[in-house]
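# Analysis of the macromolecular model
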Amino acid sequence: MKIWTIANQKGGVGKTTTTVTLGGILAQQGKRVLLIDTDPHASLSYYFGTDAEELSASVYDIFMSQSEISADAVLDCLCSTKLDSLFILPASMALATLDRQMGMQSGMGLILKKALFTVNDEFDYVLIDCPPVLGVLMVNALAACQKVVVPVQTEFLALKGLDRMIHTLEIMGRSLQKEFDTLIVPTMFDRRTNAAIQSHNKLVEDYGSRVWKGVIPVDTRFRDASQAQSPASVIYPRARGVYAYNKLLAELDG
Ligand SMILES: Nc1ncnc2c1ncn2[C@@H]1O[C@H](COP(=O)(O)OP(=O)(O)OP(=O)(O)O)[C@@H](O)[C@H]1O
Ligand SMILES: [Mg+2]
């Protein structure tokens, strides 16, 4: 089971879109895919039409059950989607209280990792969508994964946010004694603007081989797809943004 976390402390850089689109492509290939929403704003859950305020169970319950986590308890929290092999572990608003409730307890950072261990044979891929905040949820998502995908918008302000995220990965890597396999993914790239080209150049200059060679272009189809509550890969398989995510997947899977 491959576990990838999609994280950046900067908001609105394409984390949820990356999670949904990669998940959609994988499920269309027949892979068994679990998408986990760890953002209290629950954008990923809403994307698939799951109402975070009406859920009977969510990723919050997994954090609450802590040590006695079982595969059945995890599977009970899942929601199905229009794609047969694509499931979501939805978020709920209560997640926003987690940091206050248990941020300091020891072993708190490994709850998600332990929970995923119990469903190791059920899925081929797990993609974890993070909130744009460093807290107990992002720490869990980073501790659980084998790869970190860091979407970054190709504009100067977003590059500043990236410095913070990379610093977080260094600090977390030291405390977890783990070297993160990180891929920085330029998103919303608009090749017609000088600002995008210049910030892309700066990104490559600063982070070199950690930056994916491709880019995810600006593509209005992503917004249209979210309105249709379906991954863009399903309804616009030939969109250029989807094409770019196919290439990204090949890189991540290689
Ligand atoms: N390549 C793209 N081209 C055009 N629009 C995009 C692209 N990627 C994402 N978007 C749009 O940009 C907005 C923000 O994207 P998204 O929700 O994926 O970011 P996020 O990093 O998850 O945000 P947050 O930090 O708030 O969770 C959405 O409306 C989405 O449809
Ligand atoms: Mg998001």
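Going by the structure above, here's the rest.
Throughout what follows, the structure given in this document is the object of discussion. (Residues numbered from 1 in each chain as written. Chains lettered and ligands numbered in written order. Predicted model: local features only at pLDDT ≥ 70, side-chain atom pairs only at ≥ 80, totals over all residues. Heavy atoms only, no water.)

## A look at the site of ligand 1
- Taken together, 16 residues are adjacent to ligand 1, and K15, T16, T17, P217 and D219 come closest.
- Here K15 contributes a side-chain N or O atom positioned 2.8 Å from an oxygen atom of ligand 1.
- In the environment of ligand 1, an oxygen atom lies 2.6 Å from a nitrogen or oxygen atom belonging to the side chain of T17.
- Within the complex, 79% of the 640 Å² of free accessible area of ligand 1 lies under protein.
- The pocket occupied by ligand 1, as judged from atoms lying within 2 Å of grid points, is the largest pocket.
- Elements that contribute at least two residues to the shell around ligand 1 include exactly α1 (15–28) and α10 (221–227).
- Of the residues in the shell around ligand 1, the class split is seven nonpolar, five polar and four charged. (Near = heavy atom within 4 Å. Polar contact = N/O pair within 3.5 Å; in protein donor to acceptor, adjacent residues only side chain to side chain. Areas by Shrake-Rupley, 256 points an atom, 1.4 Å probe, with all protein chains shown as cover. 1 Å grid on protein atoms, 1.4 Å probe; cavity = no way out; pocket = protein on both sides within 12 Å on 5 of 7 lines; lining within 4 Å. Sits in = over half its atoms within 2 Å of the grid points. Helix = DSSP H or I, 4+ residues; strand = E, 2+ residues; numbered from the N terminus. Nonpolar A, V, L, I, M, F, W, Y, C, P; charged D, E, K, R; others polar.)

## A few points about the packing of helix α7 (residues 136–144) against helix α8 (residues 156–176)
- Look at α7 against α8: their axes get within 11 Å of each other, and the N-to-C directions meet at 65°. For the pair α7 and α8, the sense of crossing is right-handed. Contacts from M138, V139, L142 and A143 in α7 reach M165, L169, M172 and L176 in α8.
- Class assignment of the residues belonging to the contact of α7 with α8 gives a composition of eight nonpolar, no polar and no charged. (Axes fitted to C-alpha atoms, helices over the stretch in contact; angles between N-to-C directions. Left-handed = near helix turned anticlockwise from the far one by under 90°. Contact = heavy atoms within 4.5 Å.)

## As for the layout of surface pockets
- Here the largest pocket defines a volume of roughly 410 Å³.
- Around the largest pocket, the lining is made up of 15 residues, and of these T17, M188, D219, F222 and R223 lie nearest the centre.
- Of all the secondary structure elements, the ones that give two or more residues to the lining of the largest pocket are α1 and α10.
- It is α10 that provides the largest number of residues to the lining of the largest pocket, a total of three residues.
- When grouped by side-chain class, the residues that make up the lining of the largest pocket number seven nonpolar, six polar and two charged. (Points joined across faces, edges and corners; volume = space filled by probe spheres on them.)

## With respect to the sheet that holds strand β6 (residues 147–153)
- Read from one edge to the other, the open sheet built from seven strands follows the order β3-β4-β2-β5-β1-β6-β7, with strand pairing classed as mixed. Only two strands of the sheet have a single neighbouring strand rather than two, namely β3 (79–80) and β7 (181–187).
- Here two bridges tie β3 to strand β4 (residues 86–89), and the two strands are oriented antiparallel to one another. When the bridges of β4 are listed, S80 appears paired with F87. (Pairing = 2+ DSSP bridges.)

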